[in-house]
Amino acid sequence: MKKNRGWILVAVFITGLIACAKEESAEGDFVPVTFEIIHKTGGVPLQLNNPGVNPHGEPLTITKFAYYISNVKFLNSNGQPVTLTPEYYLVNEADPSSRQLVMDVPAGKYRAVEFLLGVDSTRNVSGIQSGALDPANGMFWSWNTGYIFAKLEGKSAVSPAPLSNVTFHIGGFKTGESALQNILLNFPVTLDVKNSSDSHIFLSAETNAWFNAVHDVKIADSAFCMTPGVLAQHIAENYARMFSVDSVSNQ
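Next up on the list: the nonpolar core. Within the largest apolar cluster, 65 residues are counted, with the highest numbers of intra-cluster contacts made by Tyr67, Phe74 and Trp210. Ranked by residue count, the leading element in this core is strand β4 (residues 59-76), at 9 residues. Sequence-distant contacts of Trp210, defined by excluding residues within four places in its chain, comprise Phe65, Ala150, Lys151, Leu152, Phe168, Ile170, Val217, Ile235, Asn238, Tyr239 and Met242.

Dropping the structure here:
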């Protein structure tokens, strides 16, 4: 009986070790998480080439809207950042599929996401690249060696620029002129990433923020920005506030 009891204890111990090992490996699994982004103007879904009005009451028809998201991190329940495999995403309103970002995230529970709006300095000086960073995407300054982090183009009757153009090409990564913006978004509920779930994060990005979230930027005064500097930094500080989390799904 004693021998049998000993073998039973050993079996229970081994079973416990196996169970623990399975739990640890499950926590190390990577699970796809989908970001779905809706661009809005005044709380209404953005439609390119449709006339609208900015927060200053100025008429504006947006014709192009695009930006880079990179260096994504998830903050776990303890607030510790979990860095993902480096990826660069070009979000473009003209390409609806680009507004769905799928990322492989370690299984676990998360309370926030953090990312860079723009392209980090290392990639800005790494020469011609491919994928989202291919200069053919129209987000690279060939004359100034660097990426356009965010782009808004349109037409406005109050624009002093030729053909009533509105052209905001925002970039700059060097000290004193950096337009890079670090974005931190808290989730309304815990994001529970696990193999059995289909996790989605639904974001809104409000174009009106470009004009008055922190600094007043009026088309009548500043309809053109295509170089790093103070105006570019002000616009970047504005659009850093354009994101909000609508909901989180753990189905």
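The rest of the description comes next.
Moving on: unusual backbone geometry. At Asn49, a residue that is not glycine, the phi angle is positive and equals roughly 75°. Following the sequence through the fold, Asn49 ends up in the loop between β2 (44-45) and β3 (51-53). The phi angle at Leu163 is positive, at roughly 60°, despite the residue not being glycine. On the secondary structure map, Leu163 appears in the loop between β10 (146-155) and β11 (165-171). Leu163 gets classed as exposed once you look at its relative accessible area, which sits at 69%.

This paragraph deals with the pattern of salt bridges. Within the structure shown, the criterion is met by 3 salt bridges. For Glu93, the salt bridge goes to Arg99, with nearest N and O atoms at 3.3 Å.

Before going further, it helps to examine the layout of surface pockets. To locate leftover empty space, one rolls a probe as large as a water molecule over the atoms. Empty space within the largest pocket amounts to approximately 180 Å³. Lining of the largest pocket is provided by 15 residues; of these, Thr41, Leu46, Asn50, Pro51 and Gly52 occupy positions nearest its centre. Those elements giving two or more residues to the lining of the largest pocket turn out to be β2, β3 and β4. When residues of the lining of the largest pocket are assigned to their parent elements, the largest contribution, 3 residues, is made by β3.

Across the chain, the average pLDDT comes to 88, with 88% of residues at 70 or higher. At the low end of the mean pLDDT range in the chain sits helix α1 (residues 2-27), at 42; at the high end sits helix α3 (residues 209-212), at 98. The low-confidence segment residues 7-27, where pLDDT is below 50, has 4 contacts with residues more than four positions distant or belonging to other chains.

Counting buried positions over the 10 residues of strand β8 (residues 108-117) gives 8, a clear majority of the element. Taken together, the 6 bridges between β4 and β8 define a ladder with antiparallel strand orientation. Pairing of Lys73 across the sheet is with Glu114, part of β8. With 9 bridges joining them, β8 and strand β12 (residues 181-193) adopt antiparallel strand pairing. Across the sheet, Gly108 pairs through a bridge with Val193, a residue of β12.

So, how was this worked out
Residues numbered from 1 in each chain as written. Predicted model: local features only at pLDDT ≥ 70, side-chain atom pairs only at ≥ 80, totals over all residues. Heavy atoms only, no water. Core = buried A, V, L, I, M, F, W, Y, C linked by side-chain atoms within 4.5 Å. Buried < 20%, exposed > 50% of the residue type's maximum accessible area, 1.4 Å probe, protein only. Helix = DSSP H or I, 4+ residues; strand = E, 2+ residues; numbered from the N terminus. Contact = heavy atoms within 4.5 Å. Salt bridge = Lys/Arg side-chain N within 4 Å of Asp/Glu carboxyl O. 1 Å grid on protein atoms, 1.4 Å probe; cavity = no way out; pocket = protein on both sides within 12 Å on 5 of 7 lines; lining within 4 Å. Points joined across faces, edges and corners; volume = space filled by probe spheres on them. pLDDT = per-residue confidence, 0-100. Pairing = 2+ DSSP bridges.

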